Every structure is written in C-alpha cells, then in structure tokens.
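Coordinate analysis (summary)
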Amino acid sequence: MTVRPLLWPVCLFLFSACERADTVRHYDAPRPAEDAPAVAAKSAPAAGDPHAGMMADFKAPDLTDTAPAGWVREATPPRVENLLRAYHVPVENSSGKALLLAFPPGTGSLETFSDYLTLTVGLTQLSKEEAAKRITTATLGGKSFELITLAGGDAANPRTAMGACLNTPGAVYFTLLSLAGPEQPAVREQFQHWLASFQPGVVSPGATTVSTPTPAAPSVAPSAPSAPAVATGPVPPPSGLKGWKVPEGWAAGPEKSMRAATLLLPGVDDKSFSVIVSVFPGDLGGALPNANRWLKELGLPPVASEAEAVALAKPLGLNGLEGSRYALDGTPRSSRILWVKHQGKSWFFKMIGEAAAVKREEARFEELARSLSF
Amino acid sequence: MSRLLKFFSSIRLTVVLLGLSVLLVFLATLSQMDMGVRGAQVKFFMSFFALWQYPLGLPYGASLHWIHIPQLGGWSLGGLLMINLICAHFRYFKLSARSFGIGLIHGGVVLLLIGQFITDLFQVDSSMQIELGKSSNFVSRFHDFELAVSEPKNATTESVTAISTSRLKPGSSLQVGALPFTIKTTWFEPNTKLVTDRGPNDPTSTVTQGIWTRMKVGITAADVDNSMEGANAPAVIVELADAQKSLGTWLVRAGIDRESITVGDRTFFLEMRNERQYLPYSIELKNLKHDVYEGTDTPKAFESDVVLSDPRTQLTRRFLVEMNEPLRHGGLTFYQYQMNRASNYTVFQVVENPGVWLPYLACFMVSIGLVWVFGFSLNRFRERQA
C-alpha cells in the first residue's frame, strides 16, 4: 500500500508522454466550391498589426449591386474577412471570379490593395511608383473609382486581374475580378457595368449619434447617393477626453469599432474626408511603424529608421501635453496627425483627405487641437 | 508505518506544496509579459517541470534575464497534492459514520484535481465559422495547424491527408501510404512574416515550384504569438519526390491560397491551414443579430439563429445561440464568439471537454461532505446542551 500512491505520477507521466493525437490523418471531405482566392492572405495578419482586430467587428454599410447577366453569386470563401459578395464569372474557355470586399474608412486606396492583385496573377509586387502609373480614375454610375488591370502568369497559363476601389465615408469598397486567361474586352465591360451599379448603403441609424439638429448642418456630398447619415449639433468628447471644441461646420460621423470618434468635414466631391480619433495602449511600436502607416496611406515612400520617423515629426506644442504632430502631404491626399501620449495611452487625431481640403481645414484642425483637454 | 507513507502524508508536505503552488502562480503571472497567457499556461501549469526566467518585460529585464528558477509544474504539484491527500486520508482517518463526511470532502477535492488534469489533457478549443444562409460541418483548431494534401475524388469530395505540424521537422521525411510521393521538410517556422525584399539567405531562394517563385516578397521567422487571440502564420518548405526523382520544392504558408501539384495524371492541392475536425452533423446559419449599447461599440447581444441537422439521429432542430447560452451537441459546446455583419457570418467557439462534469460532481461531493460534518458537530452540540 505504501508504494501504490507513487504509481500515480508515474502513470500520469507515461500517459502524457504518449502521442495522444494522430499526427497524420486521412479522411474524405467536401471539395471547396473553388480554390480560395489569394486575398485570403489578409486573413492571417502579422502579430502586432494594429489593424488586425479592426476587421472582425467592422460594420460596413451594405452595398447594393446588380451583377451582369450570367454572373452567379457564389458561396463566400470563409477565410476571407469582410467579403460582401463573390461571383462566378463565366468566360469562354476559362473561368473568372469577382469579389467585393468592404473595409473601414481610411483603410487606404487601390495602391494599398495592389499586393492582392499582384499575388492573384503571380506578378512580383509593384513599387509605389509602378502602381501609381497603372492606376487610373474613372467615374462610373456617378461615383469615382480607382481602376487597375494587371496581366501575369506565363505564356501557357496567362492570368488577368482587374481591381477597383471606391472610397465612401462609410467604407472603402475593394473589388477584384480575376481571370484564368488573357484580358477580354467583354469581361472588362461587364466589370465596369457592375461597378456602375454600386449603390453604397447609408450607415445604419443605430450607429449614428443624432443630437439636436441645426440648420447649419455640414454638407458632405449632399448630392451623392452614397453620403452617410451625419449627426449634427454639438459633438460630445469621446470617453477619456475631458473636453474639446469641435469647429463649426464639422459634425460627428458614424461610430466605428476601434475608433473613439469620427468627425466629418465638408469635402471635395464625394470623397471621404474626416478626422479620425483613436486611442491605443502604449505607443504601437514607436514612431517608425506609425509614420510608415501614415505615409503609405498617402502613397508616400516609407522611412527606413526610427530616427527618420522621429525627424518627420514636430513638437506637439499643446499646453504641456506630451506627444508629436505630423504634417504629411501626398498627391492627391494629405494628412495632419496629432499624437498625444497621455497616461500610458496614445491618442491619435488624424485629419486625412484631399490635399486642398486638408489645407483649407488646417486652421480649424489647429483650433480643435488647442481645445483638447485631458 | 513506513517512512515513505509518513513523508507523503505529512502536513508539512501539504504546506510546502501549497507554498510552491502560490509561487508558481506568481511566477507564471510575471512570465505572461513575455509569453502571453497561453504560453504561460502551457509552460507552467500543463507541465511537470518548468524553468522560470526573469521576463524581459519587467524592469531591468535585459540585465536580469539570466536569472532562472526551476519550478515544479502544475501537473507535478497537483499530483503530489493528490497523493498527499490520499495518504493523509489513509493515515489519519478511520472509516466511521462521522468520518464519512471528511472522506467525501477529500474525495471531492481529489476529483477536482483529476478533473483539471483531464481538462488539461483533453480539452480542445476550436472555432466554427458559418456564413448566413450556409451550413458548416467542420471546426478549426485555434492554434494548431496542419499541412493538408488533398486530391479530388469526384465533383463533390476530396481525399485529404492532414499532417500535423509536429511532424514537419526540418530534415524529416514522410512517406504516407495514400500519396505517390514522399514529403521532405527542409524548413519550418511556427510563425512567419513577409518581408518586402529578399535577402540572399531568404528561405524562398530554395523554392523551385509554386507561387513563391513568381513573387518578390521574402519570408522570415517571427516570434510565436501565444496570446489567447494570437494569430500565427506557420510556413513550411517541403520537397516532394516520387520513386525516381524530385518533383520540386514548395513553400506553403498559412493564409495563402493552396498550391496545385500535378503528379502523372493526378492533381493534388497543398495547403497550410488550421487543423480541422469534421463532424458527423452540420449547422446552418439562418439569421444573426448583433446589437451594441447605444452610443458605444460595446456588444449588447450576439445571437445566431441556427438549424442543427444530425443524420445519425434524424435530428433537425432550430437553436438560438447567444452569449452565455451555448448550443451543446455531440460532446461539443458551441459558444457565440464573433460576428461580422459586413460579411454576414458568425463564429462559434467550440469546446470539447470530456471532464466538464467532474467539477460539478466534485463540488456536490464537497457540499454533501460539509453538511455531513457540520451536521455531526451540530448534533453533538445539541446533545451537550441537553
């Protein structure tokens, strides 16, 4: 009896040392409807990506569209986050697939998504200059799209990808049409007809703070059907901020996950133009990754070192608050960023939009900055 | 009485073990700074021994990182506490009506320890993602990956050979009966990141087939993310060879489209993905609801309206899965986990734990034992009063 209790740990050790799970398994499973698209790469973001958690809770306003005749809506590949639609595109002697994805406002432009397109057609990555040369803009159905067409593969297996990006205040819509074959004018025409049919929905009323309406409500592309519902009247400061004074003509935008607040500014045409307020613990890896993210949003080349990133910044100069500010000018967009470090958190106030509009609102952005009270 | 039994039934041993348990919890909590909750859990609690190292995240971490403290792991401490309790019981307690309550209490505590051990060994956490209007019949492990080699059998079915990443050791070679080629692993990393420029020693330089031969991006090892929500992207470079020759070298990374391979007149697909478990039943998502508290992003209600179809029992039944109201079926529990209205899909956290009822049984035994013991004391008190 005295030895018997000692058998326990021995048995437990032997048991745990055994291979408990089969390391090679064989089974039959349903075939996927089609090979998952290459954009699935985005569903495994690198650890530490500040955008990694944004997608799961992102509530994009839905978009109505009319698929060209013959297109068949497909089962959504489950690994692709933020996929709204997937269509099988019938093509003679080949096959095609069209995807429509929605991302949070400010995610980027078509250049941001160009890696997906190059991956799809098996091309090497495009440099920013190459991407900028290939991207064109077009107005389809009254909306301004960025467009790109890439051809890749090899002589035996040519591949084509067409991409488009539509920036609206409620979401960035990215579309991809991939063809296992050379470019076909008929398919290009179908793709553009499809884009022209896009009708971005409005942000749901439940997601919009509506306070006392005033006649002086700002106009954010009032004639565009894609304009979101905009809250008007005094804008309360986000949680954690004691007070601020939102300049006249600015209004509260729709609430978004991972954002403390969004302010909508009168913009140019129907381009989104906003001040985005976000709060994160720590410093999100320091100046380098943050500066490069902001530079990338504007299509500007990245900086190589922390020292260069810090050199881009200017002192915050706001009533003893710790932090820095950035003024970044790209073509056609610019941004002004306040990075306030307060009680172990980073507060970002980012105004981003058309360069002319940003310049026009710069004084009022400064007015907002000077009114911040923590 | 033998010295061994005296030692193992000693109250001093109990105190020492409880003290070590407190120390283990403290040190493991500190280590979470470096290795995340899941990493600390595996290293310190689901092990027999662990070597604690001063975390880099603590003050003076870089200069004190050399400090190591060997520790008994959770399984050792739990096992020794259990032995201590059993031995003490045999040494000090005699079977009688009065000591029956003490026996029940001790039995309950032992059952609690066994239950935790079974949970550590057998609990499996997975996820199931279902698109609105569609159904799913498999779950994917959160943190475990597999190299899946699939061969279409007909228009709707494919034959899958799934190889756990534990078998993908660099230099190892694997001959699986169903496959007409051997799989030789030349490089494997449990987490990777892409780099824009390939250096001369980039692992992709050895790749001769597939999409990585046409891309400019390179790949490099990244720190494994052991946080509960951590998303790792393992990658492997494998050389496939039939009886005569090498078929080429492929790089397969999680999250990237699967590669197509032609061997003779057969086509195979190669993919790194979260380990899958197919279920003998399916769940269809009929509707979903995602409400937040007014003016905030704080979730108020996640609800998934699903239909479960189990052909084994001819069961077809509608369930509403919401926060704290999971669906239990076939030994699995489906908790509402995530939801994405943009893409109209829901994600369940799926938990399989064969020891799930043991803590309830243990608590019931301890409760009865306490009532029994205090009942005896109360009775004795009343007798003295009389």
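Residues numbered from 1 in each chain as written. Chains lettered and ligands numbered in written order. Predicted model: local features only at pLDDT ≥ 70, side-chain atom pairs only at ≥ 80, totals over all residues.

**Describing the overall build of chain A**
We apply this condition: Counting from the N terminus, the helices are the DSSP runs of H or I reaching at least four residues and the strands are the DSSP runs of E reaching at least two. Each residue is classified by how many other C-beta atoms fall within 10 Å of its C-beta atom, where C-beta atoms are placed from the backbone; a count of 20 or more means buried, 12 or fewer means exposed, and values in between mean partly exposed. Here the contact rule is simple: place C-beta atoms from the backbone, and any two residues whose C-beta atoms are within 7 Å are in contact.
For chain A, the helix and strand inventory stands at seven helices and 17 strands. Taking all 374 residues of chain A together, 40% fall into the buried category. A separation threshold of at least 6 residues defines the contact pool for chain A, and within that pool the share at least 24 residues apart is 58%.

**Examining the overall build of chain B**
A count of helices and strands for chain B gives six helices and 18 strands. Put simply, chain B has 386 residues, and 31% of those count as buried. Considering only intrachain contacts with a sequence separation of at least 6, the fraction spanning at least 24 residues in chain B is 56%.

**A look at the sheet that holds strand S7 (residues 182-189) of chain B**
Residues and elements named next belong to chain B. Here is the rule: Here a strand pair is declared whenever DSSP counts at least two bridges between the two strands. Orientation is described by axes fitted as lines to C-alpha atoms, over the contacting stretch for helices, and by angles from 0 to 180 degrees between their N-to-C directions.
Spatially, S6-S7-S10-S11 is the arrangement adopted by the four strands of the open sheet, whose pairing is antiparallel. Edge positions in the sheet fall to strand S6 (173-175) and strand S11 (246-253), since each has one partner strand and no second. Across the sheet, the mean angle separating the axes of adjacent strands is 25° when strand polarity is ignored. In this structure, S6 lies alongside S7, joined through three bridges in antiparallel fashion. Across the sheet, the residue bridging to Ser 173 is Lys 184, located in S7.

**Examining the pairing of strand S5 (residues 157-164) of chain B**
Bridge count between strand S1 (residues 24-30) of chain A and S5 of chain B: seven bridges; the pairing is antiparallel. Pairing of Pro 30 of chain A across the sheet is with Thr 157 of chain B, part of S5 of chain B. Strand direction decides the pairing type here: strand S4 (residues 135-152) of chain B and S5 of chain B, joined by seven bridges, are antiparallel. Within S5 of chain B, the position partnered with Ala 148 of chain B by the bridge is Ala 162 of chain B. With antiparallel pairing between neighbouring strands as the criterion, S4 of chain B and S5 of chain B make up a hairpin whose turn holds four residues.

**Considering helix H5 (residues 99-122) of chain B**
Residue and element names in this part refer to chain B. Operational definition: Helix span, expected: 1.5 Å multiplied by one less than the number of residues in the helix.
Taking 1.5 Å per residue as the helical rise, H5 with its 24 residues ought to reach 34 Å, and the 34 Å between its terminal C-alpha atoms agrees with that figure. Taken together, the buried positions of H5 are occupied by Gly 101, Leu 104, His 106, Gly 108, Leu 111, Gly 115, Gln 116 and Phe 117. Looking at the buried residues of H5, the elements they touch are helix H4 (74-92) and helix H6 (358-385).

**Here's the deal with the nonpolar core**
All names here are of chain A. Stated formally: For the purposes of this analysis, a nonpolar core is taken to be any set of buried Ala, Val, Leu, Ile, Met, Phe, Trp, Tyr and Cys residues that are connected through C-beta atoms within 7 Å.
Counting residues in each nonpolar core, the largest one holds 39 residues, and the members touching the most others are Cys 165, Tyr 173, Phe 174 and Leu 177. Sorting the residues of this core by element identifies strand S4 (83-91), strand S5 (94-103), helix H2 (110-121), strand S7 (143-153), strand S8 (158-167), strand S9 (172-179) and helix H4 (185-196) as the ones contributing at least two each. Here Leu 177 is in contact with Val 89, Gly 96, Ala 98, Ala 161, Met 162 and Phe 191, once residues within four sequence places are set aside. Val 246, Ala 251, Trp 339 and Val 340 belong to the second-largest nonpolar core, a separate cluster that totals 36 residues.

**As for the environment of His 88 of chain A**
Structurally, His 88 of chain A can be placed in strand S4. Separated by 17 residues in sequence, His 88 of chain A and Trp 71 of chain A have C-alpha atoms that sit 5.7 Å apart.

**Here we look at the environment of Val 350 of chain B**
Residues and elements named next belong to chain B. Mapped onto the secondary structure, Val 350 falls in strand S18 (residues 345-352). It is 7.4 Å that separates the C-alpha atoms of Val 350 and Val 139, two residues lying 211 residues apart in sequence. Among residues more than four places away in sequence, those in contact with Val 350 are Ser 126, Ser 127, Met 128, Val 139, Leu 332 and Phe 334.

**Describing the confidence of the model for chain B**
Condition: Confidence of the prediction at every residue is given by pLDDT, a number between 0 and 100.
Averaged over all residues, the pLDDT of chain B equals 87, while 95% of them reach at least 70. Here the predicted complex scores 0.51 on pTM and 0.72 on ipTM.

**Structural notes on the pairing of strand S13 (residues 266-292) of chain B**
Where a strand is regular, its side chains alternate between the two sheet faces. Residues and elements named next belong to chain B. As paired elements, S4 and S13 share eleven bridges and run antiparallel to each other. Paired with Val 139 across the bridge in S13 is Gln 277. Strand direction decides the pairing type here: strand S12 (residues 259-263) and S13, joined by five bridges, are antiparallel. Bridged to Ser 260 within S13 is Phe 269. The loop that links S12 with its antiparallel partner S13 comprises two residues; one of these, Gly 264, has a positive phi angle of about 65°.

**Focus: the packing of H5 of chain B against H6 of chain B**
The description of two packed helices rests on the angle between their axes and on the distance between the axes. Residue and element names in this part refer to chain B. Under the convention used in this document: By the definition adopted for this analysis, an angle is roughly parallel if under 35 degrees, roughly antiparallel if over 145, roughly perpendicular if from 65 to 115, and oblique otherwise. Should the near helix be turned anticlockwise from the far one by less than a right angle, the crossing is left-handed, and should it be turned clockwise, the crossing is right-handed.
Where H5 contacts H6, the axes come no closer than 7 Å and their chain directions differ by 165°. Judged by the angle between their axes, H5 and H6 are roughly antiparallel. As H5 packs across H6, the resulting crossing turns out to be left-handed.

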